[in-house]
Amino acid sequence: MTRPTCKFTVLPGDGIGPEVMESALRVLARAAETDGFSLDYSTHDVGGIAIDNHGTALPEATVEACAQADAILFGSVGGPKWERLPPAEQPERAALLPLRKRFELFANVRPGLLYPELVDASPLKRERIPHGIDIVCIRELTGGIYFGQPKERRRLPDGREEAIDTMVYRTDEIERIAEVAAVTARTRGKRVCSVDKANVLTTSVLWRETVTRFFAEKHPDIALSHMYVDNAAMQLARDPNQFDVLFTENMFGDILSDEMGVICGSLGMLASASLGAADNRHGHPVGLYEPAGGTAPDIAGKGVANPCAQILSAALMLRHSFGLGATAARIESAVRETVKSGVRTGDIAFGTEPVSTAALTDAILSRL
Ligand code: IPM
Ligand code: MN
């Protein structure tokens, strides 16, 4: 049997990105060794460091390397040094949005997982989430108001200024994200809640009709419900576990997934996958995998950042882009058991003695 090769691009980025990426690569190397596959990756600049070294947050060479690979393992980008740039040139926006568009990364899958042992990390009261949180938020990522045209500013004859963004969705875009939600729900509680604003927005009326028809035809056994986005924001804070899989359009998903992040406690624990429309050489979607937290400039370079989100993002990469679900599950349970056992970085210490990034990584490795 030939050993499958996982060819991916590593984009560590700024702040804590490079430190936690090192942890993820150590975990991947160990998993490859024990589970009999090999790794083939190259590392490239993205974000602020790319602005410093190449004058742009997303150099052509970085894009080209991503195009040659089957997946992208992304760290995090941005920081105080680049905050004064015009919005369109800032590392986050100038790196992530074009990558999403270029590789048609239309489905952002964010697990909202809070272990029962870490319930104190959540701002929600313990009685609302006695057993932690286990939901998934799926966000449409390449359509809607972030990308719709026209998108412009103009001066009116009377001197006032006017700005326009356009929210637009087509049925095929809605159906493909609905399919991701259904497939995800099938591996979980088989319940999907579609979030929209169909009492006001025309795009939402089309969204709701399309989703309803699509599930009736393709996934009649999955329980589908609908919720308005304002109510969904409230329900997430009130009783997050009423949801199994939440899915919604781009801007609503941007907001709800951050809300989900905060109720799940430490951003240092949250991974995400942005899945592409095209298949890679393994017959799985290309994808970009990144932790949900930012660059954490305040602790960058100190060796104390929580590497779990980056490690869990690497696990998602193995599952979604390389079909190595069993290995991904082993990594996920190694992370869970390690954190449960009380080996934790400062952000999730809660009375345990905080350990370094490297020590937490070592503890995870020892369980693999
Ligand atoms: C995210 C980020 C991006 C977004 C920004 C950087 C454009 O906040 O992944 O949610 O809002 O889409
Ligand atoms: Mn966002």
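Residues numbered from 1 in each chain as written. Chains lettered and ligands numbered in written order. Predicted model: local features only at pLDDT ≥ 70, side-chain atom pairs only at ≥ 80, totals over all residues. Heavy atoms only, no water.

A.B. asks: Teacher, can you tell me more about the overall build of the protein here?
C.D. replies: Secondary structure assignment for the protein yields 11 helices and 12 strands. With the C-alpha coordinates aligned to their principal axes, the bounding extent of the protein is approximately 60 × 50 × 50 Å. The buried share of the protein, taken over its 368 residues, is 51%. By sequence separation, contacts in the protein at least 24 residues apart represent 74% of the contacts at least 6 residues apart. A total of about 15900 Å² of accessible surface is found on the protein, and carbon and sulfur atoms cover 53% of it. The positive charge centre, built from 39 side chains, and the negative charge centre, built from 48, are 3 Å apart in the protein. (Helix = DSSP H or I, 4+ residues; strand = E, 2+ residues; numbered from the N terminus. Buried < 20%, exposed > 50% of the residue type's maximum accessible area, 1.4 Å probe, protein only. Contact = heavy atoms within 4.5 Å. Areas by Shrake-Rupley, 256 points an atom, 1.4 Å probe, with all protein chains shown as cover. Lys, Arg positive; Asp, Glu negative; His and termini not counted. Charge placed at Lys NZ, Arg CZ, Asp CG, Glu CD.)

A.B. asks: Teacher, can you tell me more about the domain arrangement of the protein here?
C.D. replies: Per the domain assignment, the segments making up the protein are domain 1 (1–122 + 270–368) and domain 2 (126–263). Averaged C-alpha coordinates put domain 1 and domain 2 at centres separated by 24 Å. Between domain 1 and domain 2 lies a buried interface of about 2000 Å² when both sides are counted; carbon and sulfur atoms form 59% of it. At the boundary of domain 1 with domain 2, the tally comes to three salt bridges. A salt bridge links E104 to R176; its shortest N-O distance comes to 2.6 Å. Scanning the region where domain 1 abuts domain 2 turns up nine residue pairs in polar contact (both at pLDDT 80 or more). Going through the elements one at a time, α4 (91–102), β4 (105–114) and β11 (271–279) are the ones with two or more residues in the side of domain 1 that touches domain 2. Among the elements that take part in the side of domain 1 that touches domain 2, β4 stands out by supplying 10 residues, more than any other. A per-class count over the side of domain 1 that touches domain 2 returns 13 nonpolar, four polar and five charged. (Domains from an automatic or database assignment. Buried area = accessible area lost by both parts, 1.4 Å probe. Salt bridge = Lys/Arg side-chain N within 4 Å of Asp/Glu carboxyl O. Polar contact = N/O pair within 3.5 Å; in protein donor to acceptor, adjacent residues only side chain to side chain. Nonpolar A, V, L, I, M, F, W, Y, C, P; charged D, E, K, R; others polar.)

A.B. asks: Would you mind going over the sheet that holds β11 with me for this structure?
C.D. replies: Backbone hydrogen bonds hold the strands of a sheet together, and the pairing may be parallel or antiparallel. Spatial ordering of the open sheet is given by β2-β1-β3-β12-β11-β4-β5-β10-β8-β9, a layout of 10 strands whose pairing is mixed. Only two strands of the sheet have a single partner each, and these edge strands are β2 (38–43) and β9 (223–228). Strand-to-strand twist of the sheet, defined as the mean angle between neighbouring strand axes without regard to direction, takes the value 20°. Taken together, the four bridges between strand β8 (residues 191–196) and strand β10 (residues 245–248) define a ladder with parallel strand orientation. In the sheet register, C193 faces β10, and the bridge partner there is L246. Together, β4, β5 (133–140), β8 and β10 form the strand contacts of helix α8 (residues 250–263), whose direction differs from that of β5 by roughly 160°. (Pairing = 2+ DSSP bridges. Axes fitted to C-alpha atoms, helices over the stretch in contact; angles between N-to-C directions.)

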